[in-house]
Structure formats: C-alpha cells, structure tokens
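Here is what each chain is made of, one letter per residue.
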Amino acid sequence: MSLFGADIHTLDDLFVHGLKTIYYAERQIAETLPKMIEMATNPELRAGFEQHLRETENQRVRLEQVFRQHGVEAGETTCPAIDGIIKAANATAADIDDKQVLDAALAFGAQMVEHYEIAQYGTLIAWARELGRNDCAAVLDENLAEEKATDEKLTQLAEARVNRAAGLQTA
Ligand code: FE
Ligand code: FE
C-alpha cells in the first residue's frame with residue numbers, strides 16, 4: 001500500500017495520478033458551486049460563481065480530452081486536499097448569519113479553491129511538457145487560464161465590494 005493508494009513509479013504515473021486528482025476535484029467543485037450560488041447575496045459574486053460553474057463543467061470535458069490524448073482511460077482519484085478545503089469553507093459558512101459577512105467568507109473559500117487548482121494545473125503543465133506532451137499542456141493551460149482569471153476577479157470583487165459591505169456590519 002503506497003501513500004497515494006496507487007502504484008506510482010514514474011513521472012508519467014505521477015502525471016496520470018495528478019490528472020485523476022484534478023478530475024475528481026473539478027467534480028467536487030461543480031457539485032459545490034450551486035450551493036455557493038444559493039448562499040451568495042452580492043449579485044456580482046453570484047454571477048461570478050454561475051459563470052465559473054459553466055467553466056468548471058467544461059474543464060471536466062477538457063480533462064477528458066487530455067486523458068484521451070495521453071492514451072489513458074479517464075478516472076478519478078479521491079483528493080483529500082480539495083475535500084478539506086470544501087469542508088472547511090462549509091463549516092465556516094454554516095456558522096455565519098450575516099449575509100454580507102457570508103459573502104466575504106464565500107469569496108475567500110472560492111479563492112482557496114482557485115489557488116489549489118492553480119497549483120495543480122501549474123504542476124501538471126510542467127510535467128506534461130517534461131513528458132513531451134505539449135498537446136496535453138496546451139489543453140491544461142486553458143483550464144489554468146480560467147482559474148487564474150476567476151481568482152483575479154474574486155480578488156477585485158472582494159476588495160472593491162464584498163469585504164467593504166461585510167466590514168459595515170456590526171454585531
Ligand atoms: Fe476548475
Ligand atoms: Fe476554478
């Protein structure tokens with residue numbers, strides 16, 4: 001029994017393991033975003049989550065393309081890291097009654113997810129290139145660009161509106 005619950009011997013094995021990890025994570029994120037949309041009050045935050053839900057669903061399709069290009073069957077490997085981020089965000093959200101403070105927490109939780117994804121895709125792209133799979137790297141780079149854009153949008157929205165609104169709330 002190995003650390004990852006899978007036999008990983010080569011960089012290629014590690015790359016495929018990483019693909020399965022992010023493929024799992026994207027599904028968890030796609031299942032969580034509808035709940036975040038429901039909880040969000042700020043219309044721009046909601047719209048941002050709605051847009052990223054559509055992007056996330058398409059990112060799963062792109063990952064299926066990468067699996068095909070690499071000649072392996074698409075599959076998922078449980079990722080305790082994304083499970084933990086989502087669990088922590090849910091636990092915090094459950095403890096917040098004020099709508100504006102909840103928005104600030106949702107934006108933060110979403111950014112934790114994006115940073116996780118940026119780390120995953122950044123590394124997968126580097127490994128794909130190392131393995132001579134520039135075709136896979138190019139597709140993964142499309143997902144990375146969406147994660148980065150989402151993260152930047154969340155930063156702008158949080159700093160320009162959401163945090164300010166939350167800061168105006170008094171106990
Ligand atoms: Fe994603
Ligand atoms: Fe994302």
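Note that the structure is a prediction, hence the values are computed from the model and not measured.

Trainee: Before we go on, may I ask you to explain the coordination of the iron ion (ligand 2) in this structure?
Mentor: When four donors bind a metal tetrahedrally, each ideal donor-metal-donor angle is 109.5 degrees, and when six bind octahedrally, the ideal angles are 90 or 180 degrees. Those protein atoms acting as donors to the iron ion (ligand 2) are His52 (NE2), Glu114 (OE), Glu114 (OE), Glu117 (OE) and Glu147 (OE), and they sit at 2.0 to 2.6 Å. When the donors of the iron ion (ligand 2) are listed by position in the chain, the intervening gaps give H-x61-E-x2-E-x29-E. Between the iron ion (ligand 2) and the iron ion (ligand 1), a separation of 3.2 Å is found, and both are coordinated by Glu117. Placement of His52 in helix H2 (residues 43-70) and of Glu117 in helix H4 (residues 99-130) is noted, with a sequence separation of 65 residues between them. For the pair shown, His52 and Glu117 are each scored as buried.

Trainee: Got a minute to help me understand the pattern of salt bridges in this structure?
Mentor: Side-chain pairing between opposite charges can occur once the charged atoms of the two side chains come close. Counting across every chain of the model gives seven salt bridges. The closest approach of N and O atoms between Arg27 and Glu31, which form a salt bridge, is 3.0 Å. Highlighted residues: Arg27 and Glu31, both in helix H1 (residues 11-39), separated by four residues, approximately one helical turn. On the accessibility criterion, Arg27 (27% relative accessible area) is partly exposed. Shared partners join several salt bridges into a network, and the residues in it are Arg27, Glu31, Arg60 and Glu76.

Trainee: Can you walk me through the packing of aromatic side chains in this structure?
Mentor: The relative placement of two aromatic rings is captured by the distance of their centres and the angle of their planes. Within this structure, the stated rule accounts for one aromatic pair. Judged by centre distance (5.4 Å) and plane angle (75 degrees), the rings of Tyr23 and Phe67 are edge-to-face. Placement of the pair is Tyr23 in helix H1 and Phe67 in helix H2, with a sequence separation of 44 residues. For the residue pair Tyr23 and Phe67, the accessibility class agrees, reading buried in each case.

Thresholds, definitions, all that
Residues numbered from 1 in each chain as written. Chains lettered and ligands numbered in written order. Predicted model: local features only at pLDDT ≥ 70, side-chain atom pairs only at ≥ 80, totals over all residues. Heavy atoms only, no water. Donors = N, O, S within 2.8 Å, 3.2 Å for Na, K, Ca; no water. Helix = DSSP H or I, 4+ residues; strand = E, 2+ residues; numbered from the N terminus. Buried < 20%, exposed > 50% of the residue type's maximum accessible area, 1.4 Å probe, protein only. Salt bridge = Lys/Arg side-chain N within 4 Å of Asp/Glu carboxyl O. Phe/Tyr/Trp six-rings, centres within 6.5 Å; stacked < 30°, edge-to-face > 60°.

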